[in-house]
Amino acid sequence: AVVSTQSTGYHNQAKSLFRKLSHNSPSRCSLESGPMLLHYQIEQGVCFLIICQNSFSKKLAFSFLSELSTEFLESYAGKVDQAHRPYMFIEFETRIGKLMRLYTDSRSPKQLNKINTELADVQRIMVQNIEDVIQRGEQLSVLDSKANNLSMMSQQYKKESHQLNINAQQWKYIACGVGFVLLFLFMRYWVL
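In this report, we go over the structure that sits alongside the text. As the structure is a computational prediction, the values presented were derived from the model and not from experiment.

**Thoughts on the overall build of the chain**
Scanning the chain for helices and strands turns up four helices and three strands. N-terminal to C-terminal, the α/β element order of the chain is α-β-β-β-α-α-α. Over its C-alpha trace the chain gives a radius of gyration of 41 Å, far above what one expects of a compact globule, namely 16 Å for 192 residues. Principal-axis analysis of the C-alpha atoms gives the chain an extent of 140 × 40 × 40 Å. A buried classification covers 19% of the 192 residues belonging to the chain. Look at the contacts in the chain between residues 6 or more apart in sequence, and 39% of them connect residues 24 or more apart. A total accessible area of about 15100 Å² is found for the chain, and carbon and sulfur atoms account for 60% of it. Put simply, the chain has 21 plus and 16 minus side-chain charges, and the middle of one group is 7 Å from the middle of the other.

Pasting the structure below:
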């Protein structure tokens, strides 16, 4: 009774979702409902929906929906507008079942390929992140070495400017001293 109540609840949520969808709705979306996720995809005016547990890969769910929509539209694209009864495409249910078994069987080659693809994507992202961190580290070390060089050069400039100030002062004193000696000599020999 509990399972059928939960199942009915999800069934009602799906019906409510279908009523709310419009042409302005996103073509792909995931909605959370307790421990379950409702994923839908709209292709050529037909909405494809899957209800699965939160733990099921979102990428696999949308891959399933893409494959399901492709198979359905290849078979029934011209007949969708002519559907007047609720279960007109009931014969497609066997293909849905086969596709579901293919996606839920963890040993199937398709499932393993999808998992390997996801792992490769994660690995590629991690490698890119590591490369970015290394590049930032290199840039920081270059910036650090430039800052050290600038600090050393500013200290050298400070020492050299201090020495130049001392030299300028010495030349002033020497010039004043020479001036006084010349004045003294001039006054002594010319004035007296």
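**Topic: the pattern of salt bridges**
Counted according to the given criterion, the structure contains two salt bridges. Between aspartate 121 and lysine 59 there is a salt bridge, with its nearest N and O atoms 2.5 Å apart. Of the two residues, aspartate 121 is situated in helix 4 (residues 109–191) and lysine 59 in helix 2 (residues 58–76); the sequence distance between them amounts to 62 residues. Overall, aspartate 121 belongs to the partly exposed group, its relative accessible area being 24%. You can call lysine 59 partly exposed: its relative accessible area is 45%. Measuring nitrogen to oxygen at the nearest pair gives 3.6 Å for the salt bridge that ties arginine 95 to glutamate 71. Placement of the pair is arginine 95 in helix 3 (residues 93–104) and glutamate 71 in helix 2, with a sequence separation of 24 residues. Looking at arginine 95, the relative accessible area reads 31%, which means it is partly exposed.

Reading the values: the criteria
Residues numbered from 1 in each chain as written. Predicted model: local features only at pLDDT ≥ 70, side-chain atom pairs only at ≥ 80, totals over all residues. Heavy atoms only, no water. Helix = DSSP H or I, 4+ residues; strand = E, 2+ residues; numbered from the N terminus. Rg over C-alpha atoms; globule rule 2.2 N^0.38 Å. Buried < 20%, exposed > 50% of the residue type's maximum accessible area, 1.4 Å probe, protein only. Contact = heavy atoms within 4.5 Å. Areas by Shrake-Rupley, 256 points an atom, 1.4 Å probe, with all protein chains shown as cover. Lys, Arg positive; Asp, Glu negative; His and termini not counted. Charge placed at Lys NZ, Arg CZ, Asp CG, Glu CD. Salt bridge = Lys/Arg side-chain N within 4 Å of Asp/Glu carboxyl O.

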